[in-house]
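If you want the building blocks of each chain, they are given just below.
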Amino acid sequence: MTPDLSKMAVMNLEKGEEIVGGWATPKIPQVGIYKLLAKQRRDGIIEWAHFVQRDNGQRDRVTRGEVESRAQLDEVLEIMNRNLRKVFGVTMQPAEYEMRTVDGKPAPPILH
């Protein structure tokens, strides 16, 4: 049986939604990589997901939220980076991200 990739994804992009950005820390030994993904829904709300991706690929400690503007998303990123800097001495920086359709094919950053 083929796994449902949409249920494995940290964030799903629906028709009319757009990726706002992706940020990641460098690899933290024995911890993994902290990541933040954000998308803008059709109603203008920005939805975000913050998580740590472990060395084995597992995503752990997924936190989700919504903000009304890019300025508010920047505040969320600033708060997360402040805590990451304090605990691990690293911050999240803009990063490449991979988007795939549910059948595993590369997907565009905007779904029409």
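Residues numbered from 1 in each chain as written. Predicted model: local features only at pLDDT ≥ 70, side-chain atom pairs only at ≥ 80, totals over all residues. Heavy atoms only, no water.

*Asks:* Got a sec to walk through the sheet that holds strand S3 (residues 46-53)? Specific residues and values, please.
*Replies:* Whenever strands of a sheet pair, they do so through backbone hydrogen bonds, lying parallel or antiparallel. Strand order in this open sheet of 5 strands is S4-S3-S2-S1-S5, and the pairing throughout is antiparallel. Strands with a single pairing partner mark the edges of an open sheet, and in this sheet they are strand S4 (59-67) and strand S5 (93-94). Relative to S3, strand S2 (residues 33-40) is paired through 8 bridges, and the arrangement is antiparallel. Bridging across to S3, Leu-36 finds its partner in His-50. Contacting strand S1 (18-24), S2, S3 and S4, helix H2 (residues 70-88) runs over the sheet at an angle of about 15 degrees to S3. (Pairing = 2+ DSSP bridges. Helix = DSSP H or I, 4+ residues; strand = E, 2+ residues; numbered from the N terminus. Contact = heavy atoms within 4.5 Å. Axes fitted to C-alpha atoms, helices over the stretch in contact; angles between N-to-C directions.)

*Asks:* So what's going on with unusual backbone geometry? Residues and values would help.
*Replies:* In this structure, Gln-30 is a non-glycine residue whose phi angle is positive, near 65 degrees. Examined against the element boundaries, Gln-30 turns out to sit in the loop between S1 and S2. The class of Gln-30 is exposed, set by a relative accessible area of 77%. Positive phi, normally seen in glycine, also occurs at Arg-61, with a value near 55 degrees. Relative to the elements of secondary structure, Arg-61 occurs in strand S4. (Buried < 20%, exposed > 50% of the residue type's maximum accessible area, 1.4 Å probe, protein only.)

*Asks:* Mind laying out H2, listing which residues take part and the relevant values?
*Replies:* For H2, built from 19 residues, the straight-helix expectation of 27 Å at 1.5 Å per residue is met to within 8% by its first-to-last C-alpha distance of 26 Å. Phi turns positive, to about 75 degrees, at Gly-89, one or two residues after H2. (Expected span 1.5 Å × (residues − 1).)

*Asks:* Describe the pairing of S4, with residues and values.
*Replies:* In this structure, S3 lies alongside S4, joined through 7 bridges in antiparallel fashion. Considered in S4, the bridge of Val-52 is made with Asp-60. If you look at the hairpin formed by S3 and S4, you'll find 5 residues sitting between the two strands, and Gly-57 has a positive phi there, around 95 degrees.

*Asks:* So what about the packing of aromatic side chains? Which residues, and what values?
*Replies:* Applying the stated criterion to the full structure yields 1 aromatic pair. Between Tyr-34 and Phe-88, the aromatic rings sit 5.7 Å apart at their centres with planes inclined by 40 degrees, giving tilted as the arrangement. Separated by 54 residues along the polypeptide, Tyr-34 in strand S2 and Phe-88 in helix H2 bring together distant segments of the chain. With relative accessibility at 11%, the residue Tyr-34 sits in the buried group. With a relative accessible area of 32%, Phe-88 lands in the partly exposed category. (Phe/Tyr/Trp six-rings, centres within 6.5 Å; stacked < 30°, edge-to-face > 60°.)

*Asks:* If you had to explain the environment of Arg-54 to someone new, which residues and values would you point to?
*Replies:* Position of Arg-54 among the secondary structure elements: in the loop between S3 and S4. Separated by 27 residues in the primary sequence, Arg-54 and Lys-27 place their C-alpha atoms 9.3 Å from one another. Leave out the neighbours within four places in its chain, and Arg-54 touches Val-31, Gly-32, Asp-60 and Arg-61. Here the side chain of Arg-54 touches Asp-60 through a polar contact of 2.9 Å, side chain to side chain. (Polar contact = N/O pair within 3.5 Å; in protein donor to acceptor, adjacent residues only side chain to side chain.)

*Asks:* Describe in detail the nonpolar core, supporting the description with residues and values.
*Replies:* Within the largest apolar cluster, 17 residues are counted, with the highest numbers of intra-cluster contacts made by Trp-23, Leu-36, Trp-48, Leu-73 and Met-92. Elements with a contribution of two residues or more to this core: S2, S3 and H2. Broken down by element, this core gets its largest block of residues, 5 residues, from H2. The contact partners of Leu-73, leaving out residues within four places of it in the chain, are Val-20, Trp-23, Ala-38, Ile-46, Trp-48 and Val-67. (Core = buried A, V, L, I, M, F, W, Y, C linked by side-chain atoms within 4.5 Å.)

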